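Close look at the chain arrangement
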Amino acid sequence: MIKFLDLHKINARFETQFHEQFQQFLNSGHYILGNQVAAFETNYANFCGTKHCIGVSNGLDALILIFKAYKELGVLKENDEIIVPANTFIASFFAVIHAGLKPVFVEPELTTYNIATSEIEKHITAKTKAILAVHLYGQIADMSSINSFAKKHNLLVIEDAAQAHGAIYKTNKKAGNLGDAAAFSFYPAKNLGALGDGGAITTNNDALAKVIKKLRNYGSSKKYMHDSVGFNNRLDEIQAAFLNIKLQKLDEDNAKRREVAKRFISEIKNKKVTLPFYNNSKNHVFHLFVILVDDRTGFINYLNTHEIETLIHYPVAPHKQEALKDFKSLKLPITELIHKNIVSLPISPVITTQEITQIIQIINTY
Ligand SMILES: Cc1ncc(COP(=O)(O)O)c(C=O)c1O
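An account of the accompanying structure is given in this report. Keep in mind it's a predicted model, so treat the numbers as computed, not measured.

**Focus: the overall build of the chain**
- A count of helices and strands for the chain gives twelve helices and twelve strands.
- Whereas a compact globule of 366 residues would reach a radius of gyration of roughly 21 Å, the chain reaches 20 Å, a difference of no more than 12%.
- Taken along the three principal axes of its C-alpha coordinates, the chain extends 65 × 55 × 40 Å.
- The 366 residues of the chain split such that 56% are buried.
- If you take every contact in the chain between residues at least 6 apart in sequence, the share linking residues at least 24 apart comes to 70%.
- Counting only carbon and sulfur atoms, one obtains 53% of the accessible surface of the chain, whose full area is about 16,100 Å².
- The distance from the centre of the 41 positive side-chain charges to the centre of the 35 negative ones in the chain is 3 Å.

And the structure:
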C-alpha cells in the first residue's frame, strides 16, 4: 500500500538529532518557555522575514490569539465581521467565532481553491474589519488584490498560513509576512510538523506581538502579575526543540514536494481528472495535492484496489457542518462542488520515485 502520508518515515530522518536534543532537554530541567522556544521564535521569524514570531500551542489558538489581541488593542470589537473563504479547514471559522467575531463566507476560485477576490466586495459592510486570507493546500492566496482591497477599505489582513510554511509570494516575501499577522500550525502532518501539537504567530507589529506574548501566558508579562485574562497557549519546549531541527530541512522538503507535484501535473493524463492550478513558482509548497473527479467514490475505490491510499480535504463544507448550522442556508455552489469532487493524492518529501510513477500509471489507466 502506498500510504497517504508516512509520518514515521518523515521523522525517522531526524532520529539521531531528536534523541540528542531530548537528552539535553531532559538534563536542562527547564520544560516550559525555555531556550528552545526562544531559539525557535528567532529562527522562525528569520525564516519568514518578520520582526516577531511567538510560539503557541496550535494553529487554532494562534488564530484566536491574533483576533483576541486586536480586541485587547481596541482595533477589533465584539461582532465585527471577518471575511473568511468558504472553502477552508473548519479552524479558520472556529477561530473567528471563539474570538466573538462574525465570519462572512466568501466563495473560492475553482482553479486555485483560494478565496475569489472578485467576490469580496459584495460582502463588505460597515462592520467588516478584516480579511482572513487562507493559503489553502499550500498555495498563497491572491495577496496583491487582497492587500490593495484591504487598504482601500481600511481592513486588517490576517493570514491563515497553517498549510503554507515556506511558500514564497512573487519575488521574495514569504507566507507569514504578507499581511498584518499570520497564524501557523505545526500539527504533525504539516510541511513543518512537530511530534505533537504546536503553532506560531508571525507579525511585524510590535504592539500586537507584545499583547500576544502576554495573552499566551496567562496575561502575564511579569511572573505572577496578570494584566489581562489570558490563556495557557504556550508552545511546548520539547516541540520547539524538534521544530528547530526540522526547520533546517524545510526548504529542501518543500522543493521535493514541488518536484512530485510537477511530475503529477505533467504526467497524469486522464480527462476524468482535473489537476490543480500551479503557476510553476515557489508560491505553492504542496501541503496537499488536490484533484477533482466526478465519480469520487468510484475513483477512490479504484485507487484503493491498486494499493494507493487517498484522503479528502475536506469531505463536508464548513457551512454544512453541524457546528456551523446557523450558516446552513447559505448558497455556496463553488464551495459545495469542491467538497463533493476533491480527492488528495499522496505527496510528501519522502515519497519514492517508484511510488510516484505507480500513482501516475494507475491514474492514467482509470
Ligand atoms: C487552514 C488551517 N487553519 C488552521 C488550522 C489549525 O491548526 P491546528 O490543527 O494546529 O490547531 C489548520 C490545521 O489543522 C489548517 O489546515
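From this point, things continue past the structure.
**Topic: the nonpolar core**
- Among the nonpolar cores identified, the biggest contains 45 residues, and Ile-66, Phe-67, Ile-82, Tyr-113, Leu-132, Ile-201 and Ile-212 are the most heavily contacted of them.
- Here the element with the most residues in this core is helix α4 (residues 59-72); it accounts for eight residues.
- Residues contacting Ile-201, with those up to four places away along its chain left out, are His-52, Cys-53, Ile-54, Val-56, Ala-62, Leu-65, Ile-66, Ala-182 and Ile-212.
- Val-37, Ile-83, Val-157 and Leu-178 belong to the second-largest nonpolar core, a separate cluster that totals 40 residues.

**Concerning the site of the ligand**
- For the ligand, the full set of nearby residues is Asn-58, Gly-59, Leu-60, Phe-89, Ala-91, Val-134, Asp-160, Ala-162, Gln-163, Ser-185, Lys-190 and Tyr-314.
- Residue Gln-163 places a side-chain N or O atom 2.8 Å away from an oxygen atom belonging to the ligand.
- One of the side-chain nitrogen or oxygen atoms of Lys-190 is found 3.2 Å away from an oxygen atom of the ligand.
- Taken by itself the ligand offers 380 Å² of open surface, and the protein chains cover 90% of this.

**Considering the packing of aromatic side chains**
- Summed over the entire model, instances satisfying the criterion amount to 18 aromatic pairs.
- Measuring from ring centre to ring centre gives 5.7 Å for Tyr-44 and Phe-47, while their planes differ by 15 degrees; the resulting arrangement is stacked. Here Phe-47 and Tyr-44 lie together in helix α3 (residues 35-48), a separation of three residues that amounts to about one turn. Pair check on accessibility: Tyr-44 and Phe-47 agree, each one buried.

**Quick notes on the sheet that holds strand β11 (residues 289-293)**
- Strand order in this open sheet of three strands is β10-β11-β12, and the pairing throughout is antiparallel. Two strands lie at the open edges of the sheet, namely β10 (273-274) and β12 (342-345), each paired on one side alone.
- Pairing analysis gives four bridges linking β11 to β12, with the strands arranged antiparallel. Each residue of the ladder has a partner; that of Phe-289, found in β12, is Leu-345.
- Across the sheet, helix α11 (residues 333-341) is in contact with β11 and β12; its angle to β12 comes to roughly 50 degrees.

**Section: the side chain of His-339**
- Examined against the element boundaries, His-339 turns out to sit in helix α11.
- The exposure class assigned to His-339 is buried, which follows from its relative accessible area of 3%.
- Reaching out from His-339, the side chain makes a polar contact with the backbone nitrogen of Ala-317 at a distance of 3.3 Å.
- If sequence neighbours within four positions are ignored, His-339 has contacts with Asn-87, Arg-296, Tyr-314, Pro-315, Val-316, Ala-317 and Pro-318.

**Description of the environment of Ile-83**
- With respect to the helices and strands, the residue Ile-83 is situated in strand β2 (residues 81-85).
- For the pair Ile-83 and Leu-132, spaced 49 residues apart in the sequence, the C-alpha separation amounts to 5.9 Å.
- Beyond its immediate sequence surroundings of up to four residues, Ile-83 is in contact with Val-104, Val-106, Ile-115, Ile-120, His-123, Ile-124, Thr-128, Ala-130, Ile-131 and Leu-132.

**Topic: the side chain of Glu-41**
- Assignment of secondary structure puts Glu-41 in helix α3.
- In contact with Glu-41, other than residues within four places in its own chain, are Cys-53, Ile-54, Gly-55, Lys-213 and Arg-216.

**Here's the deal with the pairing of strand β3 (residues 102-106)**
- A large share of β3 lies buried, amounting to four of its five residues.
- Across five bridges, the pairing between β2 and β3 is parallel. Along β3, the bridge assignment pairs Glu-81 with Lys-102.
- Crossover β2 to β3 through helix α5 (residues 91-98) is right-handed.

**A word on the packing of helix α9 (residues 250-267) against helix α12 (residues 353-364)**
- Two elements in contact, α9 and α12, have axes whose closest approach is 10 Å; the angle formed by their N-to-C orientations is 25 degrees. Here α12 runs roughly parallel to α9, going by the angle between their axes. Handedness of the crossing formed by α9 with α12: right-handed. Contact with α9, carried on its side by Val-260, Arg-263, Phe-264 and Glu-267, involves Thr-353, Ile-356, Thr-357, Ile-359, Ile-360 and Asn-364 of α12 and no other residues of that element.

**Things to note about the packing of helix α2 (residues 15-28) against helix α8 (residues 237-247)**
- For the pair α2 and α8, the least separation of the axes is 10 Å and the interaxial angle reads 145 degrees. Our pair here, α2 against α8, has a crossing hand that is right-handed. Across from Gln-17, Phe-18, Gln-21, Phe-22 and Phe-25 in α2, the residues of α8 making contact are Glu-237, Ile-238, Ala-241, Phe-242, Ile-245 and Lys-246.
- Grouping the constituent residues of the contact of α2 with α8 by class yields seven nonpolar, two polar and two charged.

What counts, and where the lines are drawn
Residues numbered from 1 in each chain as written. Predicted model: local features only at pLDDT ≥ 70, side-chain atom pairs only at ≥ 80, totals over all residues. Heavy atoms only, no water. Helix = DSSP H or I, 4+ residues; strand = E, 2+ residues; numbered from the N terminus. Rg over C-alpha atoms; globule rule 2.2 N^0.38 Å. Buried < 20%, exposed > 50% of the residue type's maximum accessible area, 1.4 Å probe, protein only. Contact = heavy atoms within 4.5 Å. Areas by Shrake-Rupley, 256 points an atom, 1.4 Å probe, with all protein chains shown as cover. Lys, Arg positive; Asp, Glu negative; His and termini not counted. Charge placed at Lys NZ, Arg CZ, Asp CG, Glu CD. Core = buried A, V, L, I, M, F, W, Y, C linked by side-chain atoms within 4.5 Å. Near = heavy atom within 4 Å. Polar contact = N/O pair within 3.5 Å; in protein donor to acceptor, adjacent residues only side chain to side chain. Phe/Tyr/Trp six-rings, centres within 6.5 Å; stacked < 30°, edge-to-face > 60°. Pairing = 2+ DSSP bridges. Axes fitted to C-alpha atoms, helices over the stretch in contact; angles between N-to-C directions. Right-handed = clockwise from strand over helix to strand, strands pointing away. Parallel < 35°, antiparallel > 145°, perpendicular 65-115°, else oblique. Left-handed = near helix turned anticlockwise from the far one by under 90°. Nonpolar A, V, L, I, M, F, W, Y, C, P; charged D, E, K, R; others polar.

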